[in-house]
Structure formats: structure tokens, C-alpha cells
Amino acid sequence: MKKFLLVLSFFICGYTYSQITYTFTALAGAWAANGAPTVLLGAGIDDQAAASAPIGFNFCFGGQVYTTFQATSNGVMFLGTTGAGANAFNNLNTGFDRPGIAPLWDDLATGSGGNVNYQLTGVSPNRILTVEWKEMEWTYSATVWAISFQAKLYETSNRIDFVYNRNGGVSANIS
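Conventions we followed
- Residues numbered from 1 in each chain as written.
- Predicted model: local features only at pLDDT ≥ 70, side-chain atom pairs only at ≥ 80, totals over all residues.
- Heavy atoms only, no water.
- Helix = DSSP H or I, 4+ residues; strand = E, 2+ residues; numbered from the N terminus.
- Buried < 20%, exposed > 50% of the residue type's maximum accessible area, 1.4 Å probe, protein only.
- Contact = heavy atoms within 4.5 Å.
- Areas by Shrake-Rupley, 256 points an atom, 1.4 Å probe, with all protein chains shown as cover.
- Polar contact = N/O pair within 3.5 Å; in protein donor to acceptor, adjacent residues only side chain to side chain.
- Salt bridge = Lys/Arg side-chain N within 4 Å of Asp/Glu carboxyl O.
- pLDDT = per-residue confidence, 0-100.
- Core = buried A, V, L, I, M, F, W, Y, C linked by side-chain atoms within 4.5 Å.
- Phe/Tyr/Trp six-rings, centres within 6.5 Å; stacked < 30°, edge-to-face > 60°.
- Pairing = 2+ DSSP bridges.

Participant: Describe the overall build of the chain, naming the residues involved and giving the relevant values.
Facilitator: In terms of regular secondary structure, the chain is built from zero helices and eleven strands. Traced from its N-terminal end to its C-terminal end, the chain shows the element sequence β-β-β-β-β-β-β-β-β-β-β. The burial tally for the chain puts 48% of its 175 residues in the buried class. By sequence separation, contacts in the chain at least 24 residues apart represent 55% of the contacts at least 6 residues apart. When the accessible surface of the chain is summed, it comes to about 8,600 Å², and 55% of that surface belongs to carbon and sulfur atoms.

Participant: Before we move on, could you go through the side chain of R127 and cite the residues and values that matter?
Facilitator: For R127, the location among the structural elements is in the loop between β8 (109-121) and β9 (128-137). For R127, the side chain forms a polar contact with the side chain of E155, separated by 2.7 Å.

Participant: Describe the pattern of salt bridges, with residues and values.
Facilitator: In the structure shown here, the tally under the stated rule is two salt bridges. Linking E155 and R127 is a salt bridge whose minimum nitrogen-to-oxygen distance equals 2.7 Å. Of this pair, E155 sits in the loop between β10 (147-154) and β11 (160-166) while R127 sits in the loop between β8 and β9; the two residues are 28 residues apart in sequence, bridging distant segments of the chain. The pair E155 / R127 is uniform in exposure class, with both members buried. Notably, a salt bridge pairs R159 with D161, separated by 2.8 Å at the nearest N-O pair.

Participant: Before we move on, can you summarise the confidence of the model for the chain with the specific residues and values?
Facilitator: Confidence in the prediction of the chain, expressed as mean pLDDT, is 83, and 75% of residues score 70 or more. Element-level pLDDT for the chain is lowest in strand β1 (residues 3-10), with a mean of 42, against a maximum mean of 98 in strand β3 (residues 38-41). Between residues 1-17, whose pLDDT stays under 50, and residues either more than four places distant or in other chains, the model counts 72 contacts.

Participant: I'd like to hear about the environment of T81, residue by residue, with values.
Facilitator: Its location among the elements puts T81 in the loop between β6 (77-79) and β7 (100-101). In this structure T81 comes out as exposed when scored by relative accessible area, which is 59%. Linking T81 and S52, residues 29 residues apart in sequence, is a C-alpha distance of 5.9 Å. If near-sequence neighbours (up to four positions away) are discounted, T81 is found in contact with S52, T68 and Q70.

Participant: Requested: an account of the nonpolar core, with residues and values cited.
Facilitator: With 32 residues, the main nonpolar core has F69, M77, L79 and W133 as its most contacted residues. Counting only elements with at least two residues in this core, the list comes to β3, β4 (53-61), β5 (64-71), β6, β8, β9, β10 and β11. Considering every element that reaches this core, the biggest residue donor is β4, with five residues. Setting aside residues up to four positions removed in sequence, L79 forms contacts with I55, F59, F61, Y66, T68, F69, P99, I101 and L153.

Participant: A description of the packing of aromatic side chains should follow, citing residues and the corresponding values.
Facilitator: All chains considered together, the criterion is met by four aromatic pairs. Ring geometry for W133 and F149: centres 5.0 Å apart, planes at 15°, overall stacked. With W133 in strand β9 and F149 in strand β10, this residue pair connects regions lying 16 residues apart in the sequence. Taken individually, W133 and F149 each receive the classification buried, so the pair is uniform in this respect. Chaining the aromatic ring pairs together yields one cluster made of W133, F149 and Y164.

Participant: Quick rundown of the sheet that holds β6? Include the residues and the values.
Facilitator: If you walk across this open sheet you meet the four strands as β4-β5-β6-β7, and the pairing is antiparallel. Strands at the two margins of the open sheet, each flanked by one partner only, are β4 and β7. Bridging between β5 and β6 involves three bridges; their strand directions are antiparallel. In the strand pairing of β6, A71 is matched with M77.

Listed below in C-alpha cells is the structure:
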């Protein structure tokens with residue numbers, strides 16, 4: 001089973017709107033599921049957005065500071081408290097809610113043993129919010145989960161990591 005860790009870092013802090021620099025680095029890593037997380041969306045959910053939840057710290061993204069987020073069953077999360085839609089289709093030309101962080105934005109559904117959850121770990125000023133899409137079906141009609149993945153937001157550095165865990169026994173037909 002292949003496991004990947006993708007790191008998306010950006011170095012912004014403060015309230016300037018000049019230039020935002022993003023860097024991308026792909027790394028090999030180990031998958032670690034959230035232990036005793038807070039569940040946002042349960043098993044068998046398709047095309048839904050969860051209620052707003054606390055990040056647990058101030059997170060700077062795109063020159064703005066956010067303290068809350070919403071996650072959807074479609075592999076995207078939104079910062080802030082605006083009422084996010086499910087956003088089943090990854091088309092930025094539609095009514096996409098912004099700002100968004102999309103580790104795997106597609107028309108997904110939670111599997112029969114899956115969910116969308118989050119966990120805050122660490123102590124200030126080094127906390128990590130891990131939002132996890134556990135045992136996701138790549139299409140709403142799938143009968144077996146294809147992938148689990150996480151978005152990790154880091155306090156102080158404002159770094160974002162994407163972590164993936166593919167179900168090695170499943171071949172996802174991606175369209």
C-alpha cells in the first residue's frame with residue numbers, strides 16, 4: 001500500500017496583500033489516522049457540508065486570519081463561517097466558496113465505515129489541526145472505499161500538509 005505525504009507551505013503572516021509565496025514539496029511518509037477525533041459527517045454521506053468547527057488557533061491563509069472551518073464530503077474544506085455548500089464538482093467558475101483548501105476535491109462520499117472528522121493535537125504555539133476524510137468512496141455509487149486523506153494546518157508556521165492513504169485492494173475508476 002503506497003502512502004504519500006504532500007507538503008504545501010506558504011509563508012505569509014500579517015495583514016499585507018502584496019505577494020504570497022507558496023512552495024510545494026512531495027515527501028514519502030507514514031499514514032496515521034486520527035485517534036478519538038470529533039466526527040463532522042458520518043458514514044454513508046454524499047454531497048454535504050458540515051457545520052462550522054473551531055480550528056483551535058489563529059490560522060493565516062491568503063493574508064487573512066481564520067479561527068473556524070467547514071469540511072465537505074467532497075474532499076474540500078473552507079475557512080471561516082460562511083455557509084459552505086457541498087461543492088460536488090471541482091469547477092472554480094461555479095459558486096465555489098472561498099477560501100478553500102482542497103486535498104482531493106471531487107464528487108466523493110463517505111464509505112460505510114468512513115467519516116469526515118478532525119482532531120487538534122499539540123500545545124500552543126505548536127498545535128496541528130488534522131481534518132481527515134476517512135474511507136472515502138470515489139463515487140457515490142461505489143461499494144468499497146478507495147482512499148483516506150488528511151489536511152493538516154499548523155499553528156505559527158501556517159503550513160498545510162496533505163497526507164494520503166490509498167486502499168491497496170481497490171482500483172478507483174477516476175473520471
